[in-house]
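Summary of structural features
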Amino acid sequence: MKRRQVLKRLLQTSGGLIAASLLPGCSSKALGSLFPLELLHPEAPLPEHLLTPLSEFYVQTYALAPQVDRSTWALEIKGAVANPLTLTFEDILAAPQSDFYLTMECIGNPTGGNLIGNAQWTGTPLRPFLEQAGVKPEAVEFALHGADWYKTTLPVADVMRPEVYLVHRMNDAPLTQAHGYPVRIILPGHFGQKQPKWLVGIEAITSTERGFWEQLGWSNLAEIPTHAMLRQIQNTRVWSGHHRVSLDAGGEQDWRQGILLAGVALDKASPIQTIQISTDGGGTWDKAEQNHPRSPHEWTLWRYLWQPTTPGKYTLLARGESGREQQPLKDEHHKDGSSGVLEIQATLQS
Ligand SMILES: Nc1nc2c(c(=O)[nH]1)N[C@H]1C(S)=C(S)[C@@H](COP(=O)(O)O)O[C@H]1N2
Ligand SMILES: [Mo]
């Protein structure tokens, strides 16, 4: 069977939603297939963007989500600054607005896990406000504060980057309470813990401090390593390092018709150059097809058509490479974010 026919067949047999795959301690929402397979039609290029619907976007909050009133909300820029500022929501709206795509991931996401989502965000750059406030030379870091008393810190230069935004919309709707209504900060290149929701304070500090998660041992910079994740095998959402799939011969999901593997890859700043796929536990590797998002902060989408000929047990791996680094096979430091290659066991029935 030709590649085109194979993919057509996959499209015909995988319309429905699959049952929920749950992470311990994670929200118990039913998850559909990551890639709507219509988007994988061989005649269509890989989509440019794949947005995570809000209904599937993970929520990670250490305490209860505070209820913040937009009309009384204020953001204080304070500490070691020449002119402390208090910004209202109207001040944020009056500044120039733009949209951008960015993938948010929790540092505690196990490789392949569901604590990751891609959204379109709307807001305004933070930098002009910091310039207006006049950061004093003795400032070394900013402490970022949420209305729930969440705190995290980053070096001054990192927070002064022009790509750091105050955002108030996500996927073209106002931020929901769970995602930080009315305003959160986005610091590209860092895991989610560096992006406080319900942002109420930006404080220039003159000695280094550690934030909430950082005091518990999680990485202080929390930069996103180069990592590719296999997320979907045919219409099954893959979600853990111990995931096993079994595929039948014959019937609707006949593996002899070809098996579609698909996933995402991300790095803190460098475009993903290749995603290598192995179906023999790392013995041989083959390049996946991928898209090339304009922003390195949006996940790269990839797919690979695997055409095995013999039944048996296989170990599937996906390994990403950016201009910066090649993804390690094993995780070294779990509290720096999971970066090791996910091993998926696939059994092909005879
Ligand atoms: N104020 C506040 N901001 C926060 C958190 C929090 O608990 N409180 N959790 C952080 C963590 S650990 C992550 S991974 C992201 C998750 O963002 P999301 O819930 O919008 O997906 O928010 C970050 N911002
Ligand atoms: Mo997180």
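Described in the following lines is the structure provided in the data block. (Residues numbered from 1 in each chain as written. Chains lettered and ligands numbered in written order. Predicted model: local features only at pLDDT ≥ 70, side-chain atom pairs only at ≥ 80, totals over all residues. Heavy atoms only, no water.)

Let us look at the site of ligand 1. Near ligand 1 lie 19 residues; those nearest to it are Tyr58, Asp148, His179, Arg184 and Lys197. A distance of 2.7 Å separates an oxygen atom of ligand 1 from a polar side-chain atom of histidine 179. At 2.7 Å, a side-chain N or O of arginine 184 approaches an oxygen atom of ligand 1. Taking 530 Å² as the accessible area of ligand 1 by itself, protein coverage stands at 99%. Judged by the fraction of its atoms near the pocket grid, ligand 1 is located in the largest pocket. Here the shell around ligand 1 is built from residues that sort into nine nonpolar, seven polar and three charged. (Near = heavy atom within 4 Å. Polar contact = N/O pair within 3.5 Å; in protein donor to acceptor, adjacent residues only side chain to side chain. Areas by Shrake-Rupley, 256 points an atom, 1.4 Å probe, with all protein chains shown as cover. 1 Å grid on protein atoms, 1.4 Å probe; cavity = no way out; pocket = protein on both sides within 12 Å on 5 of 7 lines; lining within 4 Å. Sits in = over half its atoms within 2 Å of the grid points. Nonpolar A, V, L, I, M, F, W, Y, C, P; charged D, E, K, R; others polar.)

Our next topic: the sheet that holds strand β17 (residues 289–290). Strand order in the open sheet formed by five strands is β12-β11-β14-β18-β17, with antiparallel pairing between adjacent strands. Where the open sheet ends on each side, the last strands, each with one partner, are β12 (236–237) and β17. Pairing of strand β11 (residues 227–233) with β12, which is carried by two bridges, proceeds in the antiparallel orientation. Looking at β12, one finds that isoleucine 233 is bridged to threonine 236. (Pairing = 2+ DSSP bridges. Helix = DSSP H or I, 4+ residues; strand = E, 2+ residues; numbered from the N terminus.)

Scanning the entire structure with this criterion turns up 13 salt bridges. Here arginine 324 makes a salt bridge to aspartate 267, at a shortest N to O gap of 2.7 Å. Taken together, the residues arginine 324 in the loop between β19 (312–322) and β20 (344–348) and aspartate 267 in the loop between β14 (259–266) and β15 (272–278) connect sequence positions 57 residues apart. In this structure aspartate 267 comes out as buried when scored by relative accessible area, which is 1%. Where salt bridges share partners, they join Asp158, Arg161 and Glu163 into one cluster. (Salt bridge = Lys/Arg side-chain N within 4 Å of Asp/Glu carboxyl O. Buried < 20%, exposed > 50% of the residue type's maximum accessible area, 1.4 Å probe, protein only.)

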